[in-house]
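# Examining the three-dimensional arrangement
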Amino acid sequence: MNQDFVIFDLETTGLSPAQHDIIQIAGVRVVAGKIRESDLFFSYVNPGGPIPAFISSYTGITNADVRGAPGLGQVLQDFSRYVGAATLIAHNGHRFDMKFLKESCARHGLPTRKINYQDSIYLSRLVWGKCFGGHGLDAVLARLKISAVGSQRHDARGDVDLLARAVEKMWGMLPGPSAHAALTVYEGVLPALLPA
DNA sequence: GCTAGGCAGGAACCCCTCCTCCCCT
């Protein structure tokens, strides 16, 4: 596998890209099919408003965590630079994370560039087909016997760590390169790279 | 006190529309 990947996860103030804001981004690079555990991206994002109590309870992310954090434009620019030419992977990214990135860029008037991405939910469907328990991250982790102990679920760093281990295992379960090629590569957006 | 929005995919049916379920925070 020659293509480099960045497996990433967003935490947000809610489910609607049109109404809610990104508050945390984490990513880890995968080169030649191997996770580079030391090559991480992480940042809180200051959403410019209060985090709903439900979200703080769900994610553990508080207003104090994001108060001193950079704004979305800066963080997404840094993330875009980190990603470079890699293909992004997120769990349910086709329906959630990539839509959040696109809508967030649009709402903040950020010029964009095109980026390829895959959705690990489709990887799970490729491996197990229609199966009991579905293809949510918890179900995938349970099937792969990946323990979340030691990783903070619903924190982007923890979720990225778990997802990366899951993706690596699922890749290993595919019968061959043709199966890899069956995974749809979508086109999304990240902020255009500005001169450093 | 606050637990929501909307896609993808299938069904029904003939090519769009409607419906239901999944999954993310």
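For the structure, see preceding data.
## Re the side chain of Ser120
- Examined against the element boundaries, Ser120 turns out to sit in helix H5 (residues 120-128).
- For Ser120, a relative accessible area of 1% translates into the label buried.
- Here the side chain of Ser120 touches His91 through a polar contact of 2.8 Å, side chain to side chain.
- Sequence-distant contacts of Ser120, defined by excluding residues within four places in its chain, comprise Ile89, Ala90, His91, Leu163, Val167 and Met170.

## So, H5
- The set of residues buried in H5 consists of Ser120, Ile121, Leu123 and Ser124. With its buried residues spanning 155° around the axis, H5 presents them on a single face.
- The inward-facing, buried residues of H5 contact strand S4 (87-90), strand S5 (112-119), helix H6 (137-143) and helix H7 (156-173).
- Measuring from the backbone nitrogen of Ile121 back to the side-chain oxygen at the start of H5 gives 2.9 Å, which picks out Asp119 as the cap.
- A positive phi of about 65° marks Gly129, the residue just after H5.

## Section: the packing of aromatic side chains
- On inspection of all chains with the given rule, the structure shows 10 aromatic pairs.
- Taken together, a centroid distance of 5.8 Å and an interplanar angle of 35° make the contact between Phe54 and Tyr58 tilted. Of this pair, Phe54 and Tyr58 both sit in helix H1 (residues 53-59), four residues apart, roughly one helical turn.
- With 6.1 Å between their ring centres and 45° between their planes, Tyr122 and Tyr186 make a pair best called tilted. One end of the pair, Tyr122, is in helix H5; the other, Tyr186, is in strand S6 (residues 186-191), with 64 residues separating them in the sequence.
- Three or more aromatic residues joined by ring pairs make a cluster, and in this case those are Phe8, Phe41, Phe79 and Tyr82.

## Description of the pattern of salt bridges
- Throughout the structure, instances matching the rule amount to seven salt bridges.
- A salt bridge links Arg107 to Asp21, with the nearest nitrogen and oxygen atoms 3.1 Å apart. Within this pair, whereas Arg107 is found in helix H4 (residues 97-107), its partner Asp21 is found in the loop between strand S1 (5-12) and strand S2 (22-31), the two being separated by 86 residues in sequence.
- Across the salt bridge formed by Arg29 and Asp39, the nearest N and O atoms sit 2.7 Å from each other. Of this pair, Arg29 sits in strand S2 while Asp39 sits in strand S3 (residues 34-44), and the two are 10 residues apart along the sequence.

Parameters and conventions
Per-chain numbering applies: the sequence of each chain, read as written, is numbered from 1 onward. Key to labels: chains lettered from A, ligands numbered from 1, both in the order written. Whole-chain, interface and lining totals are the exception, using all residues; otherwise, since this is a predicted model, local features are given only for residues with pLDDT of at least 70 and side-chain atom pairs are given and counted only at 80 or more. As a rule here, side-chain values come from all non-hydrogen atoms in the structure, and water together with hydrogens is ignored. Helix and strand definitions follow DSSP, with helices as H or I runs of at least four residues and strands as E runs of at least two, each counted in order from the N terminus. Only protein chains enter the accessibility calculation, which uses a 1.4 Å probe; a residue whose area is less than 20% of its type maximum is buried, one above 50% is exposed, and one in between is partly exposed. Distance and chemistry together define a polar contact, namely a pair of N or O atoms within 3.5 Å, with one atom able to donate a hydrogen and the other to accept it when in protein, and with adjacent residues in sequence counting only for side-chain atoms on both sides. We call two residues contacting when some pair of their heavy atoms lies within 4.5 Å. By definition, the arc is the one covered by directions from the helix axis to the C-beta atoms. Any two of the Phe, Tyr and Trp rings considered here, Trp counted by its six-membered ring, make a pair once their centres fall within 6.5 Å; the pair's planes then place it as stacked at under 30 degrees, edge-to-face at over 60, or tilted in between. Criterion for a salt bridge: a side-chain nitrogen of Lys or Arg within 4 Å of a carboxyl oxygen of Asp or Glu.

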